[in-house]
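# Structural features, examined
In case you want the letters, here they are:
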Amino acid sequence: MAAGKEIRGKIKSVENTKKITKAMEMVAASKMRKAQERMRSARPYAEKVRNIAAHLSKANPEYVHPFLVANTGAKKVGLIVVTTDKGLCGGLNTNVLRGVTTTLKELDAQGNTAEIVAIGNKGFGFANRIGAKVVAHVTQLGDTPHLEKLIGPVKVLLDAYAAGELASVQICYTRFINTMKQEALVEQLLPLKAETLASAPAHQWDYIYEPDAKSVIDDLLLRYVEALIYQAVAENMASEQSARMVAMKSATDNAGSVIAELKLIYNKTRQAAITKELSEIVAGAAAV
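## Describing the sheet that holds strand 2 (residues 113-119)
With mixed pairing, the five strands of this open sheet are ordered in space as 3-2-1-4-5. Two strands lie at the open edges of the sheet, namely strand 3 (133-138) and strand 5 (181-190), each paired on one side alone. Neighbour to neighbour, the strand axes of the sheet diverge by 20° on average, direction disregarded. In this sheet, strand 3 lies alongside strand 2 in parallel orientation, the contact comprising five bridges.

So this is what it looks like as structure tokens:
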């Protein structure tokens, strides 16, 4: 029964794995609800600051913020890559990094180079493996994103764009749609596109600026970009927990199927051994 003992060992190993994946599924489900609440609570602020930025962009046309101007002469593009710190979340990171790879190939074909800010350990490791230029990174964000941790690395690209060194700044992340579906996106962050600010009404807005228009608009558009980045990270974290929950549920179900198959094989092997022993006993009795 050496084969039977080996099968019993495999069954025990798969059962232990099943317990781990089941526990991870339950943890991910708990974290997913909190991440979704955090993401949804951030959306109204992002929408409101988008409206205010659109109003201000039309209210004071004599001052144009650098974030609204395209740097046509620059040959470098900034990429903000938002991924997770941990794995075991299905194809979440793979889809984002596939979009990053496609973007890098397009930039190379156009004769442009890329500078990357990596948010998340998976994106940071990927950028290092392919030899991309990483100007800043932040990892180990935990389950709750904090803006003070995010804005430092990202400010490297914002300052470079304001100085005219970058042609554009793009952000790559996973947008949460529902528990079963997440979408990998590559969106332009700077220059701010007209359709991004298109929520403003057709009429002109008139404001009294204090202390002056430049200070107000500069500060507001910086907060606007920060809100977009925070929202992208919050969306990515909600997508991560949803994808991990689905992946761990699938792993648990597969472990159950493997256990059932192994038990069937074990029973067949055991029955064959018993039948063989009975045949030998009957044959010996007949010989006597």
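## Points about unusual backbone geometry
Comment: phi is negative for the bulk of residues other than glycine, and the bulk of peptide bonds are trans. Of note, the amide linkage connecting Leu190 to Pro191 takes the cis form, showing an omega dihedral of -5°. Although it is not a glycine, Leu88 sits at a positive phi angle of roughly 55°. In this fold, Leu88 is placed in the loop between strand 1 (76-82) and helix 2 (92-109). Unlike most non-glycine residues, Gln140 shows phi in positive territory, near 55°. In this structure, Gln140 sits in the loop between strand 3 and helix 4 (147-162).

## A short note on the packing of helix 4 against helix 5 (residues 213-287)
Contact geometry for helix 4 and helix 5: axes closest at 10 Å, N-to-C directions at 120°. By the angle between their directions, the pair helix 4 and helix 5 is classed as oblique. Seen from above, helix 4 lies across helix 5 with right-handed handedness. Contacts between helix 4 and helix 5 involve Leu147, Leu150, Ile151, Val154 and Leu158 from the first element and Leu222, Val225, Glu226, Ile229, Tyr230 and Val233 from the second. In the contact of helix 4 with helix 5, the residues fall into ten nonpolar, no polar and one charged.

## Looking at the pattern of salt bridges
Taken as a whole and assessed by the stated rule, the structure comprises twelve salt bridges. A salt bridge links Glu25 to Lys22; its shortest N-O distance comes to 3.9 Å. Of the two residues, Glu25 and Lys22 are both situated in helix 1 (residues 2-59); the distance of three residues between them amounts to about one turn of the helix. Judged by its relative accessible area of 12%, Glu25 falls in the buried class. Note on Lys22: relative accessible area 39%, which makes it partly exposed. Across the pair Lys133 and Glu115 runs a salt bridge, and its minimum N-O distance is 3.3 Å. Separated by 18 residues along the polypeptide, Lys133 in strand 3 and Glu115 in strand 2 bring together distant segments of the chain. Looking at Lys133, the relative accessible area reads 49%, which means it is partly exposed. Judged by its relative accessible area of 8%, Glu115 falls in the buried class.

## Here we look at the side chain of Thr84
The topology assignment puts Thr84 in the loop between strand 1 and helix 2. Judged by relative accessible area, Thr84 falls into the buried class, the value being 1%. A distance of 2.7 Å separates the side chain of Thr84 from the side chain of Asn93, its partner in a polar contact. Contact partners of Thr84, with chain neighbours within four places excluded, come to Cys89, Leu92, Asn93, Gly120, Asn121, Lys122, Asn236 and Glu240.

## As for the nonpolar core
Ranked by internal contacts, the top residues of the largest apolar core, which has 38 residues, are Phe67, Ile80, Ile119, Val169, Leu189, Leu190 and Ile229. Residue assignment for this core shows that the elements contributing at least two residues are helix 1, strand 1, strand 2, strand 3, helix 4, strand 4 (168-178), strand 5 and helix 5.

## Looking at helix 3 (residues 121-129)
Count 3.6 residues to each turn of an α-helix, and residues three or four apart come out pointing the same way. Among the residues making up helix 3, those that are buried are Gly123, Phe126 and Ala127. Along the long axis of helix 3, the arc covered by the buried residues comes to 100°, so they all point the same way. Looking at the buried positions of helix 3, the neighbouring elements they touch are strand 1, helix 2, strand 2 and strand 3. One or two positions beyond helix 3, positive phi appears at Gly131, with a value near 80°.

## A closer look at the packing of aromatic side chains
With the rule as written, the count across this model stands at one aromatic pair. Where Phe67 meets Tyr161, the ring centres are 6.5 Å apart and the plane angle is 55°; that geometry is what we call tilted. In this pair, Phe67 sits in the loop between helix 1 and strand 1 while Tyr161 sits in helix 4, placing the two residues 94 residues apart along the sequence. Judged by its relative accessible area of 0%, Tyr161 is buried.

Criteria and thresholds
Residues numbered from 1 in each chain as written. Predicted model: local features only at pLDDT ≥ 70, side-chain atom pairs only at ≥ 80, totals over all residues. Heavy atoms only, no water. Pairing = 2+ DSSP bridges. Helix = DSSP H or I, 4+ residues; strand = E, 2+ residues; numbered from the N terminus. Axes fitted to C-alpha atoms, helices over the stretch in contact; angles between N-to-C directions. Parallel < 35°, antiparallel > 145°, perpendicular 65-115°, else oblique. Left-handed = near helix turned anticlockwise from the far one by under 90°. Contact = heavy atoms within 4.5 Å. Nonpolar A, V, L, I, M, F, W, Y, C, P; charged D, E, K, R; others polar. Salt bridge = Lys/Arg side-chain N within 4 Å of Asp/Glu carboxyl O. Buried < 20%, exposed > 50% of the residue type's maximum accessible area, 1.4 Å probe, protein only. Polar contact = N/O pair within 3.5 Å; in protein donor to acceptor, adjacent residues only side chain to side chain. Core = buried A, V, L, I, M, F, W, Y, C linked by side-chain atoms within 4.5 Å. Arc of directions from axis to C-beta. Phe/Tyr/Trp six-rings, centres within 6.5 Å; stacked < 30°, edge-to-face > 60°.

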